[in-house]
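# Structure assessment
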Amino acid sequence: MSAGTSPPSSLPHIAVVGGGIAGLVAAWDLARAGCAVEIFEAGDRLGGAIGAQTLAGDAYDAGAEAFATRSPVVPRLLAELGLQDDVVAPQHSIAWLQLPDLAAPLPATGILGIPADPLAPDVVAILGETAAARAAEDLNTPVQDWAEEQESRGGRITLGEVVRDRMGQQVLDRLVTPIVSGVHSAEPDDLDMNNAAPGLFDAMLREGSLARAVALVRSKAPAGSAVNSVDGGLNRLVHALERELLRLGATIRLNSPVHDLAELVAPGAERPDHVILALDAPAAVQLISEVMDLSGLDLTGLDLSGLDLSGQDPAPGVALVSMILHAPELDSHPRGTGVLVSPQVRDIGAKAMTHISSKWEWAEAAVTQAHGPGHHVVRLSYGRVGQTSQPRLGADSSDEDLLRAAAEDVGALFGVPIAGEQILEASVVRWRRALPQTSAGHAERIAALRARLAGQDHGPQTPRVHMTGAWFAGTGLARVVPDARSTAAAILNTDPEPEPEPDPPTLTARP
Ligand SMILES: Cc1cc2nc3c(=O)[nH]c(=O)nc-3n(C[C@H](O)[C@H](O)[C@H](O)COP(=O)(O)OP(=O)(O)OC[C@H]3O[C@@H](n4cnc5c(N)ncnc54)[C@H](O)[C@@H]3O)c2cc1C
């Protein structure tokens, strides 16, 4: 796929490896500035973790389906692409939590399940009075120990440690873990505090309380929905970028995995001045290790060569089962936008379920128009990290096992029986290495890797290499898009976009 206006020769020639949203956004900014851009994508389509699937004749998002509104960068990108009038908010703002003994709406005020008010009735309903009182001790317990400990530990602090210490194990088990494991595919004890909730730890040190820090961060959030999407599906963003890139003369090479940076210099072709690796970090590290000395860097979680020894994949995959149901009893949207499932629930394999046609009006209209009233689209997510009760279901499970589990789980999660014949169609989509795990110290490891790259002596004949994408910037469009734009701006030697407001974490988890 290519088209052709020639860019001015003074502008650099760029090779972008990876056609996910990070690669596409960086490529678009560079192509708009007149650079010659060539995108190498391993798969047979662009978009990476943003894509579409067809279910009973209609297209729905197959991966990412919303963007956080906490930062203006994604709305601005959509506006630049002419999609501003197509931005939509969810129909409901409430998601539910499934615990072993209870299904309840998620508390209204929280960040990653950490309550801003531990004694609020919706928090007490989930924690019980004793655990809520323990959580409220945070308000009166000095944070001095944490400040000193942070000094001595170089910032390597996990979300689990902070929540357990400040608010107690029950807040971790009953609020934070279901959200973090459902949304981020990670255990709080494995998540770098500063990566999971940027700015929250520092706010806690300043405010003297974790709950007050949560309240402060939330008070700075823009009004309205915490997430939005695009009418018809977020995948339209990818199509818009692809159209723009082709219009500007960029070359898009699908089915073109890059295994060696030397491959980018095809015989007779112009050598790129810059290479942007918009890949998962293990793939990027492997590629640059051939051209750059990485000795002395801590590559934990970034270098899969040690995987066999540690046995820990830093990004276990996720499997999504989407289905169309005929179930008029769901017309009242009994679980709001969906349910996050605590890992302590023994008899449900899914870690989350999104009621797609309840969440998005366009999806409700599409399924009703295609199949009639009483029809619904739901999506169940499998692939928990850590221990689970039953045979672990995830990206490596068979379609048969996933579909069987989903047929059972859907009724359990809605709290209504759903018979097999009510499921009109179901499909499985797998995502591998698409949700990076960011263990404590991840941010520092990435910063060191980037500093090594920035200091590279690339010489006149060697392209300068850059890295961007979710593994470097953090998961989610609100982090990936500004990082990709900064990468492009650095290449163009312009100032990077002013950072949006310090990147607060997703305010409320929504399946
Ligand atoms: C199921 C799921 C749901 C999600 N939901 C949301 C959501 O609702 N909201 C949100 O903000 N975020 C969500 N995310 C996260 C978000 O989608 C990602 O953070 C973001 O899309 C990552 O973009 P990326 O370009 O960094 O990486 P990717 O999308 O992973 O793109 C990397 C690309 O590089 C290609 N590639 C890999 N190796 C090579 C190679 N050697 N040569 C050439 N190409 C290569 C891959 O094929 C891929 O296309 C979700 C993720 C998943 C998996």
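Anyway, here's the lowdown on the structure attached to this text. (Residues numbered from 1 in each chain as written. Predicted model: local features only at pLDDT ≥ 70, side-chain atom pairs only at ≥ 80, totals over all residues. Heavy atoms only, no water.)

When helices and strands are counted, the chain shows 19 helices and 19 strands. At a minimum sequence separation of 6, the contacts of the chain that also span at least 24 residues come to 76%. (Helix = DSSP H or I, 4+ residues; strand = E, 2+ residues; numbered from the N terminus. Contact = heavy atoms within 4.5 Å.)

Let us now look at the nonpolar core. Judged by nonpolar contacts, the single largest core of 45 residues is most densely connected at Ile114, Leu159 and Leu200. Those elements giving two or more residues to this core turn out to be strand E7 (96–99), helix H3 (121–127), helix H4 (129–136), helix H6 (159–167), helix H7 (169–183), helix H8 (193–196), helix H9 (200–207) and helix H10 (210–219). In terms of residue count, the dominant contributor to this core is H7 (6 residues). If near-sequence neighbours (up to four positions away) are discounted, Leu200 is found in contact with Ile111, Ile114, Met193, Leu210, Ala213, Val214 and Val217. The next biggest cluster of nonpolar side chains, apart from the first, holds 40 residues, and it includes Val73, Val74, Leu81 and Leu234. (Core = buried A, V, L, I, M, F, W, Y, C linked by side-chain atoms within 4.5 Å. Buried < 20%, exposed > 50% of the residue type's maximum accessible area, 1.4 Å probe, protein only.)

Moving on, we get to the side chain of His13. Looking at where His13 falls in the secondary structure, it is placed in strand E1 (residues 13–17). What makes His13 buried here is its relative accessible area of 8%. At a separation of 3.5 Å, a polar atom in the side chain of His13 contacts the main-chain carbonyl oxygen of Arg271. In this view, His13 contacts Ala36, Glu38, Glu270, Arg271, Pro272, Asp273 and His274; residues no more than four positions away in its chain are not counted. (Polar contact = N/O pair within 3.5 Å; in protein donor to acceptor, adjacent residues only side chain to side chain.)

Structurally, Ser71 can be placed in the loop between strand E5 (67–68) and helix H2 (73–80). A distance of 3.1 Å separates the side chain of Ser71 from the backbone nitrogen of Val73, its partner in a polar contact.

Two numbers describe how helix H1 (residues 21–32) lies on helix H19 (residues 477–491): the axes approach to 8 Å, and their chain directions differ by 35°. Seen along the crossing, H1 lies across H19 with a hand that is right-handed. Side by side, H1 and H19 meet where Ile21, Ala22, Val25, Ala26, Trp28, Asp29, Leu30 and Arg32 of the first sit next to Val480, Val481, Ala484, Arg485, Ala488 and Ile491 of the second. Split by residue class, the contact of H1 with H19 holds 11 nonpolar, no polar and 3 charged. (Axes fitted to C-alpha atoms, helices over the stretch in contact; angles between N-to-C directions. Left-handed = near helix turned anticlockwise from the far one by under 90°. Nonpolar A, V, L, I, M, F, W, Y, C, P; charged D, E, K, R; others polar.)

Take the environment of Pro334 next. Mapped onto the fold, Pro334 is located in the loop between strand E14 (318–326) and strand E15 (338–341). When the C-alpha positions of Pro334 and Val416 are compared, they lie 9.6 Å apart, and in sequence the two are 82 residues distant. Those residues in contact with Pro334, other than ones at most four positions away along the chain, are Trp96, Glu329 and Phe414.

This brings us to the site of the ligand. In the region of the ligand, 30 residues are neighbours, and Glu41, Ala49, Ala66, Ala470 and Leu477 sit closest. Backbone polar atom of Ala22 to an oxygen atom of the ligand: 3.0 Å apart, as the coordinates give it. Within the contact set of the ligand, an oxygen atom lies 3.2 Å away from a backbone nitrogen or oxygen of Glu65. Protein coverage of the free-state accessible area of the ligand, which is 1,000 Å², stands at 84%. Taken together, the elements giving at least two residues each to the shell around the ligand come down to H1 and H19. (Near = heavy atom within 4 Å. Areas by Shrake-Rupley, 256 points an atom, 1.4 Å probe, with all protein chains shown as cover.)

Take helix H12 (residues 281–289) next. H12 sits mainly inside the fold: 7 of its 9 residues count as buried. Looking at H12, one finds that the buried residues are Ala281, Pro282, Ala283, Ala284, Val285, Leu287 and Ile288. At the N-terminal boundary of H12, the capping side chain belongs to Asp280, with an oxygen 3.0 Å from the backbone nitrogen of Ala283.

Here we come to the sheet that holds E15. Pairing is mixed across the open sheet formed by 7 strands, whose spatial order is E8-E7-E15-E16-E17-E14-E18. Because the sheet does not close on itself, it has two edges, and the strands there are strand E8 (102–105) and strand E18 (423–431). The mean inter-strand angle of the sheet, taken between neighbouring strand axes irrespective of direction, is 20°. The pairing of strand E16 (residues 352–355) with strand E17 (residues 375–382) spans 4 bridges and is classified as antiparallel. Bridge pairing in E17 links His355 to Val378. Its contacts with the sheet place H7 against E7, E8, E15 and E16, and it is angled at close to 110° to E15. On top of the sheet, helix H16 (residues 399–414) reaches E7, E14, E15, E16, E17 and E18; it is set at about 115° to E17, its chief contact. (Pairing = 2+ DSSP bridges.)

What follows is about the sheet that holds E1. As summarised here, the arrangement of the 5 strands in space is E12-E2-E1-E13-E19, forming an open sheet in which the pairing is parallel. The sheet is open, and its two edges are formed by strand E12 (251–253) and strand E19 (464–467), each paired on a single side. Strand-to-strand twist of the sheet, defined as the mean angle between neighbouring strand axes without regard to direction, takes the value 15°. The pairing of E1 with strand E2 (residues 36–40) spans 5 bridges and is classified as parallel. The residue of E2 that forms the bridge with Val17 is Phe40. The sheet contacts of H1 involve E1, E2 and strand E13 (274–277), and relative to E2 the element is tilted by about 165°.

Moving on: the packing of aromatic side chains. Throughout the structure, instances matching the rule amount to 2 aromatic pairs. Between Tyr60 and Trp362 the ring centres are 5.9 Å apart and the planes differ by 25°, which places this aromatic pair in the stacked class. Linking Tyr60 in strand E4 (residues 58–61) with Trp362 in helix H15 (residues 361–371), this pair joins segments that are 302 residues apart in sequence. Here Tyr60 matches Trp362 in class, with each residue buried. Measuring from ring centre to ring centre gives 5.9 Å for Trp146 and Phe201, while their planes differ by 85°; the resulting arrangement is edge-to-face. Of this pair, Trp146 sits in helix H5 (residues 144–153) while Phe201 sits in helix H9, and the two are 55 residues apart along the sequence. The pair formed by Trp146 and Phe201 is uniform in burial state, with each residue classed as buried. (Phe/Tyr/Trp six-rings, centres within 6.5 Å; stacked < 30°, edge-to-face > 60°.)

This brings us to H4. Among all positions of H4, only Ala131, Ala132, Ala135 and Ala136 are buried. Within H4, the buried residues cover an arc of 145° as seen down the axis, which keeps them to one side. Along H4, the residues that are exposed and aim more than 90 degrees away from the buried face are Glu129 and Thr130. Those residues of H4 that are buried lie in contact with H3, H6 and H7. (Arc of directions from axis to C-beta.)

For the rest of this paragraph, the subject is the pattern of salt bridges. Between side chains of opposite charge, a pair can form as their charged atoms come close. Throughout the structure, instances matching the rule amount to 17 salt bridges. A salt bridge links Arg485 to Glu80; the nearest nitrogen and oxygen atoms lie 2.5 Å apart. Placement of Arg485 in helix H19 and of Glu80 in helix H2 is noted, with a sequence separation of 405 residues between them. Two residues, Asp399 and Arg430, come together in a salt bridge whose shortest N-O distance is 2.9 Å. A residue pair is termed long-range when its members are at least 10 positions apart, and Asp399 in helix H16 and Arg430 in strand E18 qualify at 31 residues. (Salt bridge = Lys/Arg side-chain N within 4 Å of Asp/Glu carboxyl O.)

In short, geometric facts, not functional conclusions.
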